[in-house]
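Summary of structural features
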Amino acid sequence: MKRKNWLALLLTLVLALSALLAGCSTNNNSGSQSKNNNSSGTQTAKTDEQVLTLNLRADPPNLNPFTTTDVASFDVLNDVLEGLTRYDKDGQLKPGSGLAKSWDISSDGLTYTFHLKDGIKWSDGNPITAYDFEYSWKKVLDPKTASQYAYQFYYIQGAEEYNSGKGSADQVGIKALDDKTLQVKLKAPAPQFLGLTAFGTYLPQEKSFVEKVGVDKLGSSPDTLVYSGPFVLKQWNHDQNLVLEKNPDYWDKDSVKLQKVTLLIIKDANTQAQNYDNGTLDQMRVPSDLMDKYKNTKEFSIKPVATNWYIQFNDKKGVFKNANIRKAFTLAIDRKAFTEQVLKDGSIPAESIVPPGVPGYNGEDFSKQDGSPFFKDNDVQAAKDYLKKGLEELGLKELPAITFTADDTSGAKKDAEALQQMWNQNLGVNVQIKNEAFKIRLDDMNKGNFDMVLAGWGADYNDPMTFLDMWETNNGNNTAFYSNPEYDKLIDDAKSTPDLKKRNDDMIQAEKIAMNDMAIGPLYFQAYALVTKSYVKDLVVPTFGTEFELKWAYIEGKNQ
Amino acid sequence: MLNYSIKRFVYMLITIWVIITLTFFLMHMIPGDPFTSEKKVPPQIRQNMLAKYHLDKPLIVQYGYYLDNLMHGDLGISLKYLNRTVDDIIKQSAPASFQLGVQSIFLGVVFGLFFGIVAALKRGGGWDYFSMFLAIIGISVPNFIIATLLQLLLASKLKLLPVSGWGSFKYTILPSIALSFATLSIISRMMRTSMLDVIGQDYIKTAKAKGLSQLQIIWKHMVRNAIMPVVTVLGPLFAGIVTGTFVIEQIFSIPGLGKFFVQSIYDEDYSMILGTTIFYSIILVVMMFVVDIAYGLIDPRVRLAKGGK
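In short, a report on the structure.

**Here's the deal with the overall build of chain B**
The secondary structure content of chain B amounts to 14 helices and zero strands. In terms of overall dimensions, chain B has C-alpha extents of about 85 × 60 × 30 Å along its principal axes. When each of the 309 residues of chain B is scored for burial, the buried share is 39%. Sequence-distant contacts, at least 24 apart, represent 73% of the contacts inside chain B between residues at least 6 apart.

**Here we look at the overall build of chain A**
Helix and strand counts for chain A come out as 17 helices and 17 strands. A compact globule built from 560 residues would reach a C-alpha radius of gyration of about 24 Å, and chain A, at 27 Å, matches this within 12%. Viewed in the frame of its principal axes, chain A has a C-alpha envelope of about 85 × 70 × 55 Å. A burial count over chain A gives 45% of its 560 residues as buried. Restricting to contacts in chain A with at least 6 residues of sequence separation, those with at least 24 account for 66%.

**Remarks on the interface of chain B and chain A**
Listed as interface residues are 45 residues of chain B and, on the opposing side, 48 residues of chain A. Contributing elements (two or more residues each) for the side of chain B that touches chain A: helix H2 (43-52), helix H4 (86-121), helix H6 (143-157), helix H7 (169-199), helix H9 (214-226) and helix H11 (246-251) of chain B. When residues in the side of chain B that touches chain A are grouped by element, the largest group, five residues, is from H2(B). Residue composition of the side of chain B that touches chain A, by class: 21 nonpolar, 14 polar and ten charged.

**Structural notes on the nonpolar core**
A:Val80, A:Ala328 and A:Ala332 are the most contacted members of the largest nonpolar core, which has 150 residues in total. Considering every element that reaches this core, the biggest residue donor is strand E15 (residues 521-532) of chain A, with seven residues. Aside from chain neighbours lying at most four places away, what touches A:Val80 is A:Leu225, A:Tyr227, A:Gly229, A:Phe231, A:Val232, A:Leu233 and A:Leu244. Judged by nonpolar contacts, the second largest core, of 52 residues, contains B:Val109, B:Leu150, B:Phe181 and B:Leu237.

**Regarding the pairing of strand E4 (residues 174-178) of chain A**
Residue and element names in this part refer to chain A. With four bridges joining them, E4 and strand E5 (residues 181-185) adopt antiparallel strand pairing. Directly across from Ala176, in E5, lies its bridge partner Leu182. Two successive antiparallel strands, E4 and E5, enclose a turn made up of two residues.

**What to know about the sheet that holds strand E8 (residues 260-264) of chain A**
Residue and element names in this part refer to chain A. Across the sheet, which stays open at both edges, the four strands sit in the order E1-E8-E7-E6 with mixed pairing between neighbours. The sheet terminates laterally at strand E1 (51-55) and strand E6 (231-237), the two strands that pair on one side only. Each neighbouring strand pair of the sheet contributes to a mean axis angle of 20 degrees, computed without reference to strand direction. Relative to strand E7 (residues 241-246), E6 runs antiparallel, the two sharing six bridges. Bridged to Gln235 within E7 is Val243. Running over the sheet, helix H2 (residues 71-80) touches E6, E7 and E8 and is turned about 140 degrees from E6.

**Observations concerning the sheet that holds strand E2 (residues 100-105) of chain A**
Residues and elements named next belong to chain A. Taken together, four strands build an open sheet; the order of strands is E2-E3-E5-E4 and the sheet is antiparallel. The open sheet has two edge strands, E2 and E4, and neither has a second partner. Across the sheet, the mean angle separating the axes of adjacent strands is 20 degrees when strand polarity is ignored. In the sheet, E2 pairs with strand E3 (residues 111-116) via five bridges, with the strands oriented antiparallel. Within E3, the residue paired with Ala100 across the bridge is Leu116.

**Section: the environment of A:Gly458**
Residue and element names in this part refer to chain A. Here Gly458 shows up in strand E14 (residues 452-458). A count of 17 C-beta atoms within 10 Å places Gly458 in the partly exposed class. On a C-alpha basis, the gap between Gly458 and Phe525 in space is 10.0 Å, while along the polypeptide they are 67 residues apart. Look past the residues within four positions of Gly458 in its chain and what remains in contact with it is Ala306, Thr307 and Phe544.

**Comments concerning H2(B)**
Listed as buried for H2(B) are B:Ile45, B:Arg46, B:Asn48 and B:Met49. Summarising the axial view, the buried residues of H2(B) lie within an arc of 155 degrees, below the 170-degree limit, and thus occupy one face. Contact partners of the buried residues in H2(B): helix H4 (159-163) of chain A. Following H2(B) by one or two positions, B:His54 has its phi on the positive side, about 60 degrees.

Cut-offs applied
Residues numbered from 1 in each chain as written. Chains lettered and ligands numbered in written order. Predicted model: local features only at pLDDT ≥ 70, side-chain atom pairs only at ≥ 80, totals over all residues. Helix = DSSP H or I, 4+ residues; strand = E, 2+ residues; numbered from the N terminus. Buried ≥ 20, exposed ≤ 12 C-beta atoms within 10 Å, placed from the backbone. Contact = placed C-beta atoms within 7 Å. Rg over C-alpha atoms; globule rule 2.2 N^0.38 Å. Nonpolar A, V, L, I, M, F, W, Y, C, P; charged D, E, K, R; others polar. Core = buried A, V, L, I, M, F, W, Y, C linked by C-beta atoms within 7 Å. Pairing = 2+ DSSP bridges. Axes fitted to C-alpha atoms, helices over the stretch in contact; angles between N-to-C directions. Arc of directions from axis to C-beta.

What follows is the structure, encoded as structure tokens:
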């Protein structure tokens, strides 16, 4: 009996094995056959199928517009929801671009009155009203919602008080005057407020729908959101893909040509590239080690984004208290070599704080108005002089041991080592690298546990202020502990004046002061290298906020 | 047998409780918290968030909450995926990892045993060297390299199989093969060694003298005695593989549980860290129990020893 059992087991294994192998081969055949059918099918079709496939790279952690904070979620929400405004193809904000057909701003810059379009509808067929906006925005501020991005509303009167449990919802300066009119009262003039109305946290949901679903369950699946944007979310297969389809109820549906968009979730850079090469993906971000392969193709492009990277010195303790030492370390970096040979992703050398492309006064590029660059790249002689001067001022013969903290990703390790080598070569100093997991690095920065850190900052809104007010003495994000009363005053002035020209001048002056003190050591402005199939048209890649804008994209010439 | 099982079950519960407790207090020692973020949040907002998820309470109170919820089968809400519960995430991600794990273990065990047995029988011959070669590759080449090579060759160049994704059986083939190499190597080496031990035993000579056929000797006397060490490693190996593998799942974009083991620690997603740890420990402990039972089935002496206690 026993022997038979063993033989039976062996036979089963062999059978199973052969079945498995046979399974492979039949599957292969059917796979390639269906592929052939597909291609011949599309070849006979005259017009291009309006479908697009992109890589979202991460499963959206949270599609609840009230509480979400991450890029992948904002990418999706921006396509399926509509705010009062929407940035258009060339990155401008114009009346009528979103749900508001127009707005009035009071002369003191404090009261905004938005007039909603007629005939705008939620995907459940109900009209979108100003009351939905009032309800949604106050829900974000409700302390019970515990929204991390609630502070994006702190420009509004009474918002901070309500959110911190010191005021009531009625005292918040958000009020629907009737179905079509929304009035917002700000604490102080904030030109960036208009742009914020296009931002994820400001995207509304329908009041009755939220009350039915519950705030905490909002956005947990395709049927727990009500849609108002160019697309609706049809499917969400966690860690696999999200499928969007055109929204037939969208107010501007004639501008939307794509019928279906699939957002795949592929994290591995190599796998992504293979999926681009075989035509599964229509666009991808080029990983730096594959740069050489795509760099000279017609599909290649470089897209700068509003993010700066810098060496964050500890301005409060240790040798980096001294501005000349900070200058020495900043000037001793060869940014050109760093961006071209180490990053290799199209990023550009930074010799100022505010990245190019951020609009200043009159909508012109702020980086063209501010008088940057503020120092010369790779100025080794000056760096050595500053080091000598700094050491004299500190009364030191030589530098003590210095650690340089960076993330523990392979990219950050490589970056840190390159900088370490430059400081060694140009200044003759030995810097110790300390790689830390992201949250541990942030914790160390908050506690001032560092000499210098490789850090970056992405724009919260499309205005230079997002890069400047963080270096005010009492700003929570100022973990460089930079402090200059003159700087603080200029930023405060800029934040309170309704005069936009003066505001701009104050910000320029402030940036100059910070650079003269070398509050931080600018390193590079981030850019992404992209490859896009030539048949993809008008797929907009915004400089901040989201990674793509699908509204106007279409497919043309794929089947020729 | 029943007594033994009850005793084992109680030990299992205690083990898991110790693991939970250690994990709970260790993970709270990592600097930062789930809501540490690049953009500094005003203190009142932080307070709102901590309060909502009971993180503002003393640690021991949080521990009490956690155990209480756990008793009711509630693993809590993920602190990264704010509108998903840990139960949901595990339920949604575990099947893919499980299927992949079972398939790769199956491949690894079948081929591993085969190569191990053949190598021992033909010791010093071509098969022996071939199986050694395979085992060295399987052990020394990380599976992500094997995965990438398979992907490049079979999917990108020959276009026989999909590059990545999940859905039907064809998506599972490459990752299963890539994942099976390590198992295959361990098992074939182990099987070879223990087969060689057995081959030299007197009872094999006796069996031969009795006039049993070669196949009977191999199956009844050699394999059955030699397989014990393999069964021992198979328990933990199985638990480790079916709960998900970070790298292979990432390379093939498989919606499995593997990434949550790693990513939850980076995110300091406390409930997810505990959830994955508990899930893994339960499978591991159960597998150890199954292995013990299997001993008894394969080798009657094990059962006798326990009965005598």
